[in-house]
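These are the residues of each chain, in order.
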Amino acid sequence: MKDYIIHHEWKIIEEGFHPDLNRISESIFSIGNGKMGQRANFEEKYSGDSLRGSYIAGIYYPDKTRVGWWKNGYPEYFAKIINSANWIGINIIVNGEELDLAKANVISFRRELDMKQGILQRSFVAELKNGNRIEVFAERFVSIHDSEIGAIKYSVKALNFSGNLTIVSYIDGDVFNEDSNYDEKFWNERSKHIQGTEGCLEMETLKTGFRVCTGMTFTFYKNGELISFEPENFQKEKYIESKVQIPVENGDTVVIEKLTSTVTSLNHPDDELSVKAHEAIKRALLRGYNGMLEKHRNLWSNKWDSSDIIIEGDKAAQQGIRYCIFQLEQTYSGEDERLNIGPKGFTGEKYGGVTYWDTEAYCLPFYLSSAPVEVSKNLLLYRHKHLMKAINNAEKLGFKNGAALYPMVTINGEECHNEWEITFEEIHRNGAIAYAIYNYVNYTGDKEYLAPFGFEVLLAVSRYWSQRTNWSDAKNKYVILGVTGPNEYENNVNNNFHTNYLAVWTLKFTLEVIDFLKKEFPYLFEELVSKWKFSEIKETTRWKDIIANMYFPYDSNKGIFLQQDGFLDKEIIPASELSESEQPINQNWSWDRILRSAFIKQADTLQSMFWFENEFSEKELKKHFDFYEPITVHESSLSPCIHSVIAAKIGYHQKSYELYLRTSRLDLDDYNNDTEDGLHITSMGGTWMAVVMGFGGLRVKNNALEFNPFLPAKWKSYSFKINFRGRHLEIKIEAEKLTLSNHSNLPVDLKIWGKDLLLETNSTKTIQK
Ligand code: BGC
């Protein structure tokens, strides 16, 4: 754990130059706009340790699979959203010496990420080997107003010299991924062009043939006055630059404003890319740096209006939760159903920027409550679009009749994961995708989504569960064998409770949806029956039999469901008895020891208790929490949030808060010692759940909102905002009272601590505790 980020309500601040922490800071200070994003690399040359990363949503390379022992059914490739052209490059040469903070004497250094406005800033004073001192202020953003534009303002002040300042603005397409499986580079050059103050570089990915054209232009100011200049342009393979020499006197300040465009063949015809890059540059120039910034800030302000969480009395917690919301907003903006959320977003190479069950299980609730309904719908449509690929994936594994197994990891619907115990066995992900449909419809009331999108996915997933389940004569029950639950510290187990439960739940939900469709959309249903060759009676008879006769491992002495068959044969030791040096066990124990132990990586049985809490009594929830929480090591960032919500539900408020703390500042404090790889974006959705669903107790039942809030002891108050079916609500929880505001023209029915309440349009109500 580190503690170098300065606590501030709206800003992330690093004071002082920490080359040893640079990769961590590069992750923490990442910026993005849902379509592209980048690590907080320096604009100028830096020869110290750094992971260069600039990523564009949907632009990937299928890196040939690399495994020790090939198994039939493994995918041929792992899709990676790859490092793309570096457009931030601005090199500074002072009287012939190039600025490089790894070599200069860094006298002061400060980095700031302004979350309110979505801007990254850096300032420093450095003395070069030649004794020349400069003061630099660098600011940049990737526009959320015009998502093809990136903008940089870079200012250099001569502190103790006169002479020549040379500024080189460039675009470099000769980039690589550190995690390339075969040390290959992934890009070819298509074309380049540079003339006067404008240039563009068009690159194409190998194999996938995505084209990206990156354009740039720039303007210079000296002591606040626009200056004209004649750049010296240069190009080489995969690279263009413009060099400008400016004579300076001691005390002069030179500012370069660099505007860039990134246009891709995902959104434009291949042969128009350089024109589109030019048009985007013109759009940006028309507004200028400040105009672009103004628009960007305004949109950030709107985003905060519908998603902010305010915590009074705990600056670290305030910064932590805003950071999570900020990063979620930067990662996914939801207008394009071809895009999704990678566990590390645009902040690193790990997990390749591709989609996991994390989206449905951990991120969807945030977008449901904080963004327009289309945003969540697009997350669901992404999976619907991949349905045929999921069916092919299941066929490849021997399933038939339209059964679908969604991939563990994907970008285009094809499976990319290549460890048998996960690829073939971690099948609960299929249930998470079904659950997300329920969650979406339950929250939004958009039942029409079920016809046909939701139903088609549910039918195919139900067919999978039906075929993946087999009858056991010995148990006289249906069983599901050879699986890995969410707890990846157990592989190839039989009857994982969560998987079996999800399978049964999916079948039940699909039956309900069928009844609904027959009633509300009978003609469409008939079409779907014929399109999917659905033998309703035959197929649903088996489903009903599975529902009635599924086996769930249970211990009647303890009165709990077991994570899987034989779980109690393990030695049950609380995680609190693990020594510091053994933790995390995934870095200190052999895999064999982990598999034999009872330690749980992340919520597994408790994942079901979280999703299906209504199907268990509070006493049952407590029993399961009391058994599983002490043996859970939370070595996945996705774990503490789920435990935190359950703890809140069963009245373990202090525990709920402690668990929340483990997620809220996970990256800011580098809790798991891995922030340098990138941020834990999907777990940030979990942190949001811990506050809103945990402390706030938000649920949607029978089309109405319910809250059961409590105030964590350390906080003076907290408030959150949610969108619900066209209503914009704000809930503030203080020690003595609760204030509810409805900022919309629609009334809303609520339940607060079990009591009904009608909140009229544009009104506020206060409830004394
Ligand atoms: C977790 C998975 C998760 C993946 C990506 C793993 O460590 O165990 O549940 O999907 O990370 O976040």
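Please refer to the structure higher up on the page.
This report concerns the structure included in the present document.

## A short note on the overall build of the protein
The number of helices and strands found in the protein is 19 helices and 34 strands. Over its C-alpha trace the protein gives a radius of gyration of 27 Å, about what one expects of a compact globule, namely 27 Å for 769 residues. The principal-axis extents of the C-alpha atoms in the protein amount to approximately 85 × 60 × 55 Å. Within the protein, buried positions represent 63% of all 769 residues. Here the analysis covers contacts within the protein between residues at least 6 apart in sequence; of these, 68% occur between residues at least 24 apart. Accessible surface, the protein as shown: approximately 28,900 Å² in total, 47% of it carbon and sulfur. Across the protein, the mean location of the 88 positive side-chain charges is 3 Å away from that of the 107 negative side-chain charges.

## Here's the deal with helix α17 (residues 639-649)
Because an α-helix completes one turn every 3.6 residues, residues spaced three or four positions apart along the sequence face the same direction. Burial analysis of α17 places 10 of its 11 residues in the buried class, which makes it a mostly covered element. The complete set of buried residues in α17 reads Ser639, Pro640, Cys641, Ile642, His643, Ser644, Val645, Ile646, Ala647 and Ala648. Tucked inside the fold, the buried residues of α17 contact α4 (358-370), α15 (605-611), α16 (618-628), α18 (653-664), α19 (681-695) and β27 (699-701). Downstream of α17 by one or two residues, Gly651 has phi in the positive range, about 85 degrees.

## Quick look at the site of the ligand
Every residue close to the ligand is listed here: Pro343, Tyr351, Tyr356, Trp357, Asp358, Glu488, Lys601, Gln602, Ser636 and Leu638. At a separation of 2.8 Å, an oxygen atom of the ligand approaches a polar side-chain atom of Lys601. If the ligand stood free it would expose 310 Å²; the protein chains cover 91% of that surface. In terms of residue class, the shell around the ligand is made up of 5 nonpolar, 2 polar and 3 charged.

## Structural notes on the pattern of salt bridges
Working definition: two side chains of opposite charge can pair if their charged atoms are close together. This structure, assessed with the given rule, holds 53 salt bridges. Glu43 is the salt-bridge partner of Arg122, the closest N and O atoms lying 2.7 Å from each other. Within this pair, whereas Arg122 is found in strand β11 (residues 119-127), its partner Glu43 is found in the loop between β4 (36-38) and β5 (54-56), the two being separated by 79 residues in sequence. Assigned by exposure class, Arg122 and Glu43 land together as buried. Where Arg133 meets Glu127, a salt bridge forms, and the shortest distance between an N and an O atom there is 2.8 Å. When its relative accessible area of 24% is taken as the criterion, Glu127 is described as partly exposed. Put simply, Arg190, Glu202, Glu204, Arg211 and Asp270 are held in one network by salt bridges that share partners.

## Focus: the nonpolar core
It is characteristic of soluble globular proteins that their nonpolar side chains tend to be buried jointly. Counting residues in each nonpolar core, the largest one holds 223 residues, and the members touching the most others are Ile28, Tyr154, Tyr660, Leu705, Ile722 and Leu750. In terms of residue count, the dominant contributor to this core is helix α10 (residues 497-520) (13 residues). The next biggest cluster of nonpolar side chains, apart from the first, holds 15 residues, and it includes Ala151, Cys213, Leu273 and Ala280.

## Structural notes on the side chain of Asp308
Assignment of secondary structure puts Asp308 in the loop between α2 (273-307) and β22 (309-312). Looking at Asp308, its side chain comes within polar contact range of the side chain of Arg322, at 2.8 Å.

## Considerations on the pairing of strand β30 (residues 727-734)
Taken together, the 8 bridges between strand β29 (residues 717-724) and β30 define a ladder with antiparallel strand orientation. Residue pairing across strands places Phe724 opposite Arg727, the latter belonging to β30. Counting the residues between successive antiparallel strands, the hairpin from β29 to β30 contains 2 residues, one of them, Arg725, with a positive phi of roughly 45 degrees. Connecting the antiparallel pair β30 and strand β31 (residues 737-742) is a turn made up of 2 residues.

## What about the environment of Ala158?
Position of Ala158 among the secondary structure elements: in strand β13 (residues 149-158). On a C-alpha basis, the gap between Ala158 and Glu577 in space is 58 Å, while along the polypeptide they are 419 residues apart. Sequence-distant contacts of Ala158, defined by excluding residues within four places in its chain, comprise Arg133, Val248, Glu249, Asn250, Gly251 and Asp252.

## Quick word on the sheet that holds β29
The strand order across the open sheet built from 5 strands is β22-β29-β30-β31-β34, with neighbouring strands paired in antiparallel fashion. Where the open sheet ends on each side, the last strands, each with one partner, are β22 and β34 (763-768). Across the sheet, the axes of successive neighbouring strands diverge by a mean angle of 15 degrees, strand direction being ignored. Summarising the sheet, β22 and β29 pair through 4 bridges and their orientation is antiparallel. Within the sheet, the bridge partner assigned to Ile309 lies in β29 and is Phe720.

## A few points about empty space enclosed by the protein
Within this structure, the stated rule accounts for 8 cavities of 30 Å³ or more. Estimates place the volume of the largest cavity at around 80 Å³. Forming the boundary of the largest cavity are Gln38, Arg39, Asn41, Arg52, Gly53, Ser54, Asn83, Ser84, Asn86, Trp87, Ile88 and Val175.

## Concerning the sheet that holds strand β3 (residues 31-32)
The antiparallel open sheet is built from 3 strands, whose spatial order is β3-β4-β5. Edge positions in the open sheet fall to β3 and β5, since each of these has one partner strand only. The pairing of β3 with β4 spans 2 bridges and is antiparallel. Bridge pairing in β4 links Ile31 to Gln38.

## Thoughts on the layout of surface pockets
Its volume calculated, the second largest pocket comes out at about 890 Å³. Lining the second largest pocket are 35 residues, with Tyr435, Tyr438, Asn439, Asn442 and Val700 sitting closest to its centre. Of all the elements in the fold, those that place two or more residues in the lining of the second largest pocket are α4, α8 (428-444), α10, α15, α19 and β27. Looking at the lining of the second largest pocket, its residues break down into 20 nonpolar, 7 polar and 8 charged.

## Focus on the packing of α10 against helix α11 (residues 522-531)
Between α10 and α11, the shortest axis-to-axis distance is 5 Å and the interhelical angle comes to 125 degrees. In this view, α10 runs oblique relative to α11, as classed from their interaxial angle. Residues Ile514, Leu517, Lys518, Lys519 and Glu520 of α10 form the contact with α11, whose participating residues are Pro522, Phe525 and Leu528. Looking at side-chain class alone, the contact of α10 with α11 contains 5 nonpolar, no polar and 3 charged residues.

## Examining the pairing of β13
By the criterion of burial, β13 is predominantly enclosed, with 8 of the 10 residues buried. The pairing of strand β12 (residues 133-142) with β13 spans 9 bridges and is classified as antiparallel. Within β13, the residue paired with Glu139 across the bridge is Lys153. Between β12 and β13, which pair antiparallel in sequence order, lie 6 residues. Pairing geometry for β13 and strand β21 (residues 253-264), over 9 bridges, is antiparallel. Residue pairing across strands places Lys153 opposite Glu257, the latter belonging to β21.

The rules behind each value
- Residues numbered from 1 in each chain as written.
- Predicted model: local features only at pLDDT ≥ 70, side-chain atom pairs only at ≥ 80, totals over all residues.
- Heavy atoms only, no water.
- Helix = DSSP H or I, 4+ residues; strand = E, 2+ residues; numbered from the N terminus.
- Rg over C-alpha atoms; globule rule 2.2 N^0.38 Å.
- Buried < 20%, exposed > 50% of the residue type's maximum accessible area, 1.4 Å probe, protein only.
- Contact = heavy atoms within 4.5 Å.
- Areas by Shrake-Rupley, 256 points an atom, 1.4 Å probe, with all protein chains shown as cover.
- Lys, Arg positive; Asp, Glu negative; His and termini not counted.
- Charge placed at Lys NZ, Arg CZ, Asp CG, Glu CD.
- Near = heavy atom within 4 Å.
- Polar contact = N/O pair within 3.5 Å; in protein donor to acceptor, adjacent residues only side chain to side chain.
- Nonpolar A, V, L, I, M, F, W, Y, C, P; charged D, E, K, R; others polar.
- Salt bridge = Lys/Arg side-chain N within 4 Å of Asp/Glu carboxyl O.
- Core = buried A, V, L, I, M, F, W, Y, C linked by side-chain atoms within 4.5 Å.
- Pairing = 2+ DSSP bridges.
- Axes fitted to C-alpha atoms, helices over the stretch in contact; angles between N-to-C directions.
- 1 Å grid on protein atoms, 1.4 Å probe; cavity = no way out; pocket = protein on both sides within 12 Å on 5 of 7 lines; lining within 4 Å.
- Points joined across faces, edges and corners; volume = space filled by probe spheres on them.
- Parallel < 35°, antiparallel > 145°, perpendicular 65-115°, else oblique.

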